[in-house]
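Results of the structural survey
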Amino acid sequence: MASARVAYATEDRWFDEGLYRSVTGLADRSPGPLDTAVSLWSTYGLLFFGALLLAAWWRARPTAAAPRPSARPVMALAAPFALILAYVTGLALKSVMREQRPCQTLHTITIEACPPLGDWSLPSNHAAIAGAAAVALLFVDPALAALAVPAALLMAGSRVWVGAHYPHDVVLGLLVGAVVAWALMSLARRTAPPAERLHDTPLRPLVARR
């Protein structure tokens, strides 16, 4: 996969523009295979978080010989909704903050083509989804969270590397995802009684293995 490097220009605006320029400049000087790998991760890496959530749900369900399910399987079911809510929250913030992409306002060279005007930058939705996945997995499966947390940081960094976001975009995205996931997963953790009731319904496979 060849990286498409495209130059854009106008004025400087943000406090971390220097860091953005440094990162995109390093990306421009880096070997093509590295840029390709980062670009692929930036584009498709969210699928990795989906796979982690699926694995966490599978691992969270007790076997027939184990005690009846508690809140953990329900938290595993709630985790995807944390990602959806983080994405929706990010979209809402974008529509309010209306920050242009850095590749539209700075003279720099980016690996990926710049999104069109009106595709706002702050916060990064990729970072918000990754941050939400990492925090949700901390509630459900700390072992998988040990993979998700560094992966979320890599996702955030990759969005700056390819030129799509300022550093503050991805930092806010991670914070939005983390806060949304923490709130929703904290609520799901209090749902042990409903989980017990699901055990005796046709929905039992959602919370326990046959």
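Refer to the preceding data block for the structure.
Here goes a summary of the coordinates provided. (Residues numbered from 1 in each chain as written. Predicted model: local features only at pLDDT ≥ 70, side-chain atom pairs only at ≥ 80, totals over all residues. Heavy atoms only, no water.)

**Quick look at the side chain of Ser30**
To keep things clear, this is the line we draw: Runs of E in the DSSP output that reach at least two residues are strands. Runs of H or I that reach at least four are helices, and both are numbered from the N terminus. The rule is simple: take the accessible area with a 1.4 Å probe, protein chains only, and divide by the maximum for that residue type; under 20% is buried, over 50% is exposed, in between is partly exposed. We define a polar contact as two N or O atoms separated by no more than 3.5 Å, with the added condition that, inside protein, one atom must be a possible hydrogen donor and the other a possible acceptor, whereas residues neighbouring each other in sequence contribute only through side-chain atom pairs.
Its location among the elements puts Ser30 in the loop between α1 (17-29) and α2 (32-44). Classification of Ser30 as buried rests on a relative accessible area of 13%. Looking at Ser30, its side chain comes within polar contact range of the main-chain oxygen of Leu26, at 2.6 Å.

**Points about helix α4 (residues 71-97)**
This is how it is decided: Expected helix span is computed as 1.5 Å times (number of residues minus one). Consider a residue and the seven residues that end there alongside the seven that start there; fitting an axis to each set, the bend is the angle between those axes.
For α4, which comprises 27 residues, the first-to-last C-alpha distance of 37 Å matches the rise-based estimate of 39 Å (1.5 Å per residue) to within 8%. The largest bend in α4 amounts to roughly 30° and is located at Leu77, with the proline Pro80 lying one to four residues further along. For α4, the set of buried residues is Ala71, Pro73, Val74, Met75, Ala76, Ala78, Ala79, Ala82, Leu83, Ala86, Gly90 and Lys94. In the segment just after α4, Arg98 is the residue with positive phi, at about 50°.

**So, a nonpolar patch on the surface**
Quick note on the threshold: Exposure above 30% relative accessible area and the lack of any salt bridge qualify a residue for a patch; like charges then connect within 9 Å, and the nonpolar side chains Val, Leu, Ile, Met, Phe, Trp and Tyr within 5 Å. Residue burial considers only the protein chains on display, and all accessible areas are found by Shrake-Rupley using a 1.4 Å probe. For this document, the term salt bridge refers to a Lys or Arg side-chain nitrogen within 4 Å of an Asp or Glu carboxyl oxygen.
On the surface, a nonpolar cluster with roughly 480 Å² of combined accessible area is contributed by Phe81, Ile84, Tyr87, Val88 and Leu91. With respect to the helices and strands, the residue Tyr87 is situated in helix α4.

**Some points on the packing of aromatic side chains**
Operational definition: Put simply, two rings from Phe, Tyr or Trp (the six-membered ring, in Trp's case) pair if the centres are within 6.5 Å, and we call them stacked under 30 degrees between planes, edge-to-face over 60, tilted for the rest.
Per the counting criterion, the structure on display carries five aromatic pairs. Judged by centre distance (6.2 Å) and plane angle (50°), the ring pair of Trp41 and Phe49 falls under tilted. Residue Trp41 is classed as partly exposed on the basis of its relative accessible area of 23%.

**Side note on the pattern of salt bridges**
Taken as a whole and judged by the stated rule, the model has three salt bridges. Across the salt bridge formed by Arg72 and Asp141, the nearest N and O atoms sit 3.8 Å from each other. Pair noted here: Arg72 is in helix α4 and Asp141 is in the loop between α6 (125-140) and α7 (142-161), with a separation of 69 residues, a long-range link. Relative accessible area serves as the criterion here: at 30%, Arg72 is assigned to the partly exposed category.

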